[in-house]
There are 2 protein chains.
Amino acid sequence: MRAIMLYGAWDVQVEDVPDPVLEEPTDAIVRVLQASIGGTDLYLYHTMPRTGPGTPMGREFLGVVEELGSEVRGMKKGDLVVAPFTYQDNTCDFCREGLQTSCRHGGFFNTAQAELIRVPQATGTLITLPVGEDSALLPSLLTLADAYSTGYYAAKQANVNPDTTVTVIGDGAVGLLAVLSASRLGAKRIILKVRHETRTELGNEFGATAVVAEHGADGVARVRELTDGDGTHVVLEAVGYRESFDQALGMVRPGGVISRVGVQYDEAEIGWGVFGRNITLTGGPAPVQAIVDELLPGILDGAVEPGKVFDHTVGLDEVPDGYQAMSRREVLKVLIRP
Amino acid sequence: MRAIMLYGAWDVQVEDVPDPVLEEPTDAIVRVLQASIGGTDLYLYHTMPRTGPGTPMGREFLGVVEELGSEVRGMKKGDLVVAPFTYQDNTCDFCREGLQTSCRHGGFFNTAQAELIRVPQATGTLITLPVGEDSALLPSLLTLADAYSTGYYAAKQANVNPDTTVTVIGDGAVGLLAVLSASRLGAKRIILKVRHETRTELGNEFGATAVVAEHGADGVARVRELTDGDGTHVVLEAVGYRESFDQALGMVRPGGVISRVGVQYDEAEIGWGVFGRNITLTGGPAPVQAIVDELLPGILDGAVEPGKVFDHTVGLDEVPDGYQAMSRREVLKVLIRP
């Protein structure tokens, strides 16, 4: 089959590789209908050293069950399925506590940008979808794999509710879907901190009530100005740089919550400026299985269309161009049809 | 009147100073029956530069209302009262949200180790107590001012409940009362990380189910060993040093909460080791007025006796010796009877 490989920063290639096979009785093989390029893919695309044999790519996919191991339950060949960006048994103590990302038999996918994918722990991982292969909902359902679930988890961990004011830092797909999530959780006031004004329209459509385009300290000052000097109860930090965390500290109201969707730094300020104002810091890799039941109905009934974050569609051959376009921020998020 | 002054590290003195007077119609004057030495006092005692005119001392007090400003409501002269370590109007938006420590008309007390104290915002600050001046409950009621409230707030912010396993780092008064608080909130398993074995007895009496006396990495390893390698759902960090925060990171279970009662460092590790394991960091100065109704009944009905943390009682003249004894860890917490 054909699959995407990364050999070092900026070097993405399409290759012929052996088809995956069932290795464990708990595995399934899924034919990938749609995959996408996400933040972790881009991070590796920007930073991976050119050493070693290269790595397959892709954490987000949706497809059709082709083969099932003998111990897989709850699905059959031909079912349409989407998977979290992690696999998990969904039965261990961490899974039962709703932390499937720490499953005792789990791990992260990294071979989704391909024609076929082997899915470990298929019973606990694959989510069957009540739609056909030709459904127009597939791009939105694909966002359950990561971008929508990640934005929603951040908002949920921050306890966003109708009494909460929210700032979202970041206008990538996750940031925009964090806006949508905050809106779905009832927030009446959602400030979107964008890097480029071009992402404003989708942000507004998803529920942003104000957009801040100023950078650095000016952006912080603008958010405070919009909130009588106090900041917002919640800041959803959807960039992951130290600089954006520092901005979040300036934008959050005393007693508030900073909820992160990613992190590319080690140390940061958590002294009196955090403690003295009773700021809570939360977030982490989203346990999709713990929240998918809250997100699926809204997509199926058309109440939300998170798939609008996809503004560019490619075949496998054009995936290298897709990485480049996303990296240059020429496109928001790339959908792949293998 | 006589009052305690600090002129620089290690230099505490008893002095004659002018009696406080009503300055605002919202003030009250309270005659101090009991005060105590707390963590912030000790921090200043260890670190304050010997410059300037010196500072009065004391954040924790309980006493009798002597004078009331014309706008004070809800109490009368002669009432026995205790105050949080902060004053607050208890009516502003932050107070209504339960964050009295960020009150728009609030501040921190620092003149409690004296015969009399002026209390700003008396209506929102003073908590009247249904006991007499000779009640044996006074020391326990005094812990509402800070130590018990701080320990309880940390546990409550971490959502300690009957399904939660807890580690408490720190065997000072706040750490021990965090153990009591976790126990009151139903935690079945409470590991107390002590610095000295001597504090073990009171920790056990307050509800600790295991005591760890090993230091540094050995202490972390011991907590993990006691929890099948996973750590506890909650770590209540009641020391405030960077080293103890690092220990907390090693002791907390994926998906867990580190709740801090103080902080004496600026930056710390909050990268993938925090984010990737979905760790939440919370805590802050305790908004006593928001939780006192949950703590007062248990003291009044004798269910708990947090005043047991006081193991040394002094008059004002002996307060300098009291600071020294607490600093040397010869005593746990000093009660002052002016």
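Residues numbered from 1 in each chain as written. Chains lettered and ligands numbered in written order. Predicted model: local features only at pLDDT ≥ 70, side-chain atom pairs only at ≥ 80, totals over all residues. Heavy atoms only, no water.

Visitor: I'd like a rundown of the UniProt feature "domain: Enoyl reductase (ER)" (unreviewed entry) in chain A, residues and numbers included.
Guide: When the UniProt feature table is mapped to this numbering, "domain: Enoyl reductase (ER)" (unreviewed entry) covers residues 8-336 of chain A. The distance separating the terminal C-alpha atoms of residues 8-336 of chain A is 21 Å; by composition the span is 30% helix and 24% strand. (UniProt positions renumbered as here; feature names shortened; annotations may be inferred. Helix = DSSP H or I, 4+ residues; strand = E, 2+ residues; numbered from the N terminus.)

Visitor: Got a sec to walk through the domain arrangement of chain A? Specific residues and values, please.
Guide: Residue and element names in this part refer to chain A. Domains assigned within chain A are domain 1 (2-146 + 287-336) and domain 2 (148-283). Here the C-alpha centre of domain 2 lies 27 Å away from the C-alpha centre of domain 1. Across the boundary between the two partners, domain 1 contributes 23 residues, which contact 20 residues of domain 2. Across the interface of domain 1 and domain 2, roughly 1,900 Å² is buried in total on both sides, 62% from carbon and sulfur atoms. Its largest share of buried area at the contact with domain 2, domain 1 owes to Leu295, Arg329 and Leu332, together 33% of the area lost on that side. Remark: the boundary between domain 1 and domain 2 carries three salt bridges. Two residues, aspartate 171 and arginine 329, come together in a salt bridge whose shortest N-O distance is 2.7 Å. Remark: the boundary between domain 1 and domain 2 carries nine residue pairs in polar contact (both at pLDDT 80 or more). At six residues, the largest contribution of residues to the side of domain 1 that touches domain 2 is made by helix H11 (residues 288-300). When the residues that make up the side of domain 1 that touches domain 2 are grouped by side-chain class, the tally is 15 nonpolar, two polar and six charged. (Domains from an automatic or database assignment. Contact = heavy atoms within 4.5 Å. Buried area = accessible area lost by both parts, 1.4 Å probe. Salt bridge = Lys/Arg side-chain N within 4 Å of Asp/Glu carboxyl O. Polar contact = N/O pair within 3.5 Å; in protein donor to acceptor, adjacent residues only side chain to side chain. Nonpolar A, V, L, I, M, F, W, Y, C, P; charged D, E, K, R; others polar.)

Visitor: Outline the sheet that holds strand S4 (residues 55-56) of chain A, supporting the account with residue identities and numerical values.
Guide: Residues and elements named next belong to chain A. Here three strands make up an open sheet; going across it, the order is S2-S1-S4 and the pairing antiparallel. In the strand order of this sheet, the two ends are held by strand S2 (12-16) and S4, each with one partner. When strand S1 (residues 2-6) meets S4, the two strands line up antiparallel, connected through two bridges. Following the sheet pairing, leucine 6 is matched in S4 by threonine 55. (Pairing = 2+ DSSP bridges.)

Visitor: Hey, could you go over the interface of chain A and chain B for me, with residue numbers and the actual values?
Guide: Listed as interface residues are 39 residues of chain A and, on the opposing side, 39 residues of chain B. Between chain A and chain B, a total of about 3,100 Å² is buried, with carbon and sulfur atoms accounting for 51% of that surface. Considering only the surface of chain A that becomes buried against chain B, Ile270, Phe275 and Asn278 of chain A emerge as the three largest contributors, covering 23% of it. A salt bridge links arginine 253 of chain A to aspartate 93 of chain B; its shortest N-O distance comes to 3.6 Å. One can count 22 residue pairs in polar contact (both at pLDDT 80 or more) joining chain A with chain B. Going through the elements one at a time, helix H2 (93-96), helix H5 (147-157), helix H9 (242-251), strand S15 (252-260), strand S16 (267-269), helix H10 (272-275) and strand S17 (280-283) of chain A are the ones with two or more residues in the side of chain A that touches chain B.

Visitor: Describe the packing of aromatic side chains, with residues and values.
Guide: Across all of its chains, the model carries 14 aromatic pairs over all chains by this definition. Relative to phenylalanine 275 of chain A, the ring of tryptophan 272 of chain A lies with its centre 5.7 Å away and its plane at 50°, an arrangement referred to as tilted. With tryptophan 272 of chain A and phenylalanine 275 of chain A both in helix H10 and three residues apart, the pair spans about one turn of that helix. Taking the relative accessible area as the measure of exposure, phenylalanine 275 of chain A reaches 3% and is therefore buried. When the centroid spacing of 5.1 Å and the interplanar angle of 40° are considered together, the rings of tyrosine 45 of chain B and tyrosine 323 of chain B count as tilted. (Phe/Tyr/Trp six-rings, centres within 6.5 Å; stacked < 30°, edge-to-face > 60°. Buried < 20%, exposed > 50% of the residue type's maximum accessible area, 1.4 Å probe, protein only.)

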